[in-house]
Amino acid sequence: SELTSKVMVYRRLQNDSAELLQTIDTLPDNAEKADNLCSAIRITSDGRFLYVANRGHDSITAYGIDKESCELQLINYTPAGGEFPRDIEIDPDDTWLFAANQKSDEITAFKIQKETGVLRPMGTIAKISRPVCIHILNRQ
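Everything in this summary refers to the structure shown in the same document. Not measured: the values here are computed from a predicted model.

### Topic: unusual backbone geometry
Then comes step 1: At Asp16, a residue that is not glycine, the phi angle is positive and equals roughly 65°.
Then comes step 2: Here Asp16 lies in the loop between strand E1 (6-12) and strand E2 (18-25).
Then comes step 3: Its identity as a non-glycine residue notwithstanding, Asp105 has a phi of 60°, on the positive side.
Then comes step 4: With respect to the helices and strands, Asp105 occurs in the loop between strand E8 (96-101) and strand E9 (106-112).

### Remarks on the packing of aromatic side chains
Then comes step 1: As enumerated under the stated definition, the model contains one aromatic pair in all.
Then comes step 2: Measuring from ring centre to ring centre gives 6.5 Å for Trp96 and Phe98, while their planes differ by 20°; the resulting arrangement is stacked.
Then comes step 3: For Trp96, a relative accessible area of 28% gives the class partly exposed.
Then comes step 4: Looking at Lys103, its charged tip hangs above the ring of Phe84, at a distance of 4.4 Å from the centre.

Quick notes on the rules
- Residues numbered from 1 in each chain as written.
- Predicted model: local features only at pLDDT ≥ 70, side-chain atom pairs only at ≥ 80, totals over all residues.
- Heavy atoms only, no water.
- Helix = DSSP H or I, 4+ residues; strand = E, 2+ residues; numbered from the N terminus.
- Phe/Tyr/Trp six-rings, centres within 6.5 Å; stacked < 30°, edge-to-face > 60°.
- Buried < 20%, exposed > 50% of the residue type's maximum accessible area, 1.4 Å probe, protein only.
- Lys NZ or Arg CZ within 6 Å of the ring centre and 35° of its normal.

Written out as structure tokens, the structure is:
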């Protein structure tokens, strides 16, 4: 929910309908939600972690995904390392997360801690005018 700073988790049912399981905020309770827009949402390839970028709060929210219930558990909020993270992307090995910070003209990198899903900021890796999208090509 881009405008309300929430993630909704649904379960797909056998008849192709959906059941709402959970609605969870992407921002801390004390954050100004009116000034935030969610942007990208990404799940690691192993299905263990979900990340959401917050434009305005300039953060990335990390959640663990419960394999049994499919519900999200908050891990933490990490500063995006720039302004207005318009897109985020995870590399195919689930080792790195990259953020395209549109208003600060930079791409920032984060190392994903494999066991916890916590993001470790590694700083700016590229200066580029108004990045809005990141796509990683799989070069095998």
